[in-house]
Amino acid sequence: MKLIQSTNRGIAVVGAGYFRGLKNQEELQVAIKAWGQPVTGNDREFDVWKAIALQGTTA
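Residues numbered from 1 in each chain as written. Predicted model: local features only at pLDDT ≥ 70, side-chain atom pairs only at ≥ 80, totals over all residues. Heavy atoms only, no water.

Asker: Account for the pairing of strand S2 (residues 10-15), naming residues and giving values.
Answerer: With five of six residues buried, S2 is to be regarded as a mostly interior element. The pairing of strand S1 (residues 2-6) with S2 spans five bridges and is classified as antiparallel. Along S2, the bridge assignment pairs Lys2 with Val14. Looking at chain direction, S2 and strand S3 (residues 18-21) are connected through four bridges and run antiparallel. When the sheet's bridge partners are listed, Gly15 is paired in S3 with Tyr18. (Buried < 20%, exposed > 50% of the residue type's maximum accessible area, 1.4 Å probe, protein only. Helix = DSSP H or I, 4+ residues; strand = E, 2+ residues; numbered from the N terminus. Pairing = 2+ DSSP bridges.)

Asker: Outline helix H2 (residues 43-55), supporting the account with residue identities and numerical values.
Answerer: Taking 1.5 Å per residue, 13 residues should reach 18 Å; H2 reaches 18 Å between its end C-alpha atoms and fits that length. Within the sequence span of H2, burial applies to Asp43, Phe46, Ala51 and Ala53. The arc that holds every buried residue of H2, seen down its axis, measures 165°, which confines them to one face. Looking at H2, the residues exposed on the side facing more than 90 degrees away from the buried face are Arg44 and Gln55. Its buried side turned inward, H2 meets S1, S2 and S3. The opening residue of H2, the one whose side-chain oxygen lies 3.0 Å from the backbone nitrogen of Arg44, is Asn42. Looking one or two residues beyond H2, the residue adopting positive phi is Gly56, at roughly 80°. (Expected span 1.5 Å × (residues − 1). Arc of directions from axis to C-beta. Contact = heavy atoms within 4.5 Å. Polar contact = N/O pair within 3.5 Å; in protein donor to acceptor, adjacent residues only side chain to side chain.)

As C-alpha cells, then:
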C-alpha cells in the first residue's frame, strides 16, 4: 500500500487492486502513520498510478 497525492486529485491509498481517496484529516493522519508520507506527482501521474493499481496497466 502506498499514498499518492496531486494538487487537483487530493490524496489516496493505492495497492494491488485497491484505490481509496482520503476524505478528511483523520483518515490522512492514520494513513500517514500506516504507510508514510505520500508520493507527490501531477494529475497525470496520479491517474497513471491509479490505473496501474486497479488494472495492472495503463493501456
